[in-house]
Amino acid sequence: AEAIILFTPDGRITFANKAAGKLVGLSSDDLEGMEWRQFIPAEEEEKILDITSDSRDWNFVGVEFNLLDSEKNNIPVLANIRTIYKENKPANILVSLMDIQQRIKAEQQILAAIEEKDALLKEIHHRVKNNLQIISSLLNLQASHFTDVKMTEAFRESQNRVRSMALIHEKLYRSDNLARIRF
């Protein structure tokens, strides 16, 4: 299922399997003899050259970059790159490429879902805070109608409890770790 490409140290493709041809929209036979760099977007070429220029050995695992297909569309890939030696000299570079478009789409969907849930949590927090404030204000308003000190004190005590709940709610909302909250 993975695209396999073999190219010489000077960059000429000597072998490409059917999956490699399918990935870039050409036949595997058409790929042979082509320069591998023509499938690298200009903005990605510097990144790849930086990775590979530090060593004559190309032994890299899990390199992510964009590849160009035959219609010049970017295809995100995950590459494993290995140098193959013959008589202690680099003879070929073997590259296996995995199309990671689906993974990137899934990651984007997960990030969008997280942002949506974060917005919903903020809205819930705002509503809880408003409701607690309304309850506290109603208790305060009701307490002002009584002349009996005990009755007024009971309403003030209830109002203080609602304020305490509001403070705890605020502390929970601002906490990064709900497993450990410093009170």
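The following refers to the structure shown.

Cut-off values and rules
Residues numbered from 1 in each chain as written. Predicted model: local features only at pLDDT ≥ 70, side-chain atom pairs only at ≥ 80, totals over all residues. Heavy atoms only, no water. Helix = DSSP H or I, 4+ residues; strand = E, 2+ residues; numbered from the N terminus. Rg over C-alpha atoms; globule rule 2.2 N^0.38 Å. Buried < 20%, exposed > 50% of the residue type's maximum accessible area, 1.4 Å probe, protein only. Areas by Shrake-Rupley, 256 points an atom, 1.4 Å probe, with all protein chains shown as cover. Lys, Arg positive; Asp, Glu negative; His and termini not counted. Charge placed at Lys NZ, Arg CZ, Asp CG, Glu CD. Salt bridge = Lys/Arg side-chain N within 4 Å of Asp/Glu carboxyl O. Patch = residues over 30% accessible without salt bridge, like charges linked within 9 Å, V, L, I, M, F, W, Y side chains within 5 Å. Core = buried A, V, L, I, M, F, W, Y, C linked by side-chain atoms within 4.5 Å. Contact = heavy atoms within 4.5 Å. Pairing = 2+ DSSP bridges. Phe/Tyr/Trp six-rings, centres within 6.5 Å; stacked < 30°, edge-to-face > 60°.

Per the secondary structure count, the chain includes 5 helices and 5 strands. When the helices and strands of the chain are listed from N to C terminus, the series reads β-β-α-α-α-β-β-β-α-α. Computed over C-alpha atoms, the radius of gyration of the chain comes to 32 Å, more than 25% over the 16 Å expected from 2.2 N^0.38 for 183 residues, which places it beyond the range of a compact globule. Its C-alpha atoms give the chain principal-axis dimensions of roughly 100 × 35 × 25 Å. The 183 residues of the chain split such that 29% are buried. A total of about 12900 Å² of accessible surface is found on the chain, and carbon and sulfur atoms cover 54% of it. Charge-centre separation for the chain: the mean point of 24 positive side chains lies 10 Å from the mean point of 28 negative side chains.

This part is about the pattern of salt bridges. By the definition in use, this model includes 7 salt bridges. With its nearest N and O atoms 3.2 Å apart, the salt bridge here joins Glu107 to Arg103. Taken as a pair, Glu107 and Arg103 lie in helix H4 (residues 101-143) at a separation of 4 residues, close to a single helical turn. Given a relative accessible area of 38%, Glu107 falls into the partly exposed group. Note on Arg103: relative accessible area 33%, which makes it partly exposed. Several salt bridges share partner residues, and in doing so they unite Glu64, Arg103 and Glu107 into one network.

So, about a nonpolar patch on the surface. Residues Ile110, Leu111 and Ile114 make up a contiguous nonpolar surface patch of roughly 310 Å² in combined accessible area. Among the secondary structure elements, Ile110 is positioned in helix H4.

In this section: the nonpolar core. Membership of the largest hydrophobic core comes to 25 residues, with the highest contact counts inside it found for Phe7, Phe65, Leu67 and Leu97. Among the secondary structure elements, those contributing two or more residues to this core are strand E1 (3-7), strand E2 (13-16), helix H1 (18-24), strand E3 (60-68), strand E4 (74-86) and strand E5 (89-99). In this structure Leu97 touches Glu2, Ala3, Ile5, Leu23, Phe65, Leu67, Val77, Leu78 and Ala79, once residues within four positions along its chain are discounted.

With that settled, the discussion passes to the pairing of E3. Put simply, side chains in a regular strand alternate between the two faces of the sheet. In this sheet, E4 lies alongside E3 in antiparallel orientation, the contact comprising 7 bridges. Bridging from a neighbouring strand, Asn66 pairs with Pro76 of E4.

This part takes up the side chain of Ser28. With respect to the helices, strands and loops of the structure, Ser28 is situated in helix H2 (residues 28-31). Setting aside anything within four residues of it in sequence, one finds Ser28 in contact with Ala16, Asn17, Lys18 and Gly21.

Two numbers describe a pair of aromatic rings. These are the distance of the centres and the angle of the planes. Using the criterion set out here, one finds 2 aromatic pairs in the structure. Taking the centre distance of 5.4 Å and the plane angle of 20° together, the rings of Phe7 and Trp36 count as stacked. Of the two residues, Phe7 sits in strand E1 while Trp36 sits in the loop between H2 and helix H3 (42-53), which places them 29 residues apart along the sequence. We classify Phe7 as buried; its relative accessible area is 3%. By relative accessible area, Trp36 is classed as buried at 10%.

These results come straight from atomic positions and should not be treated as a statement about function.
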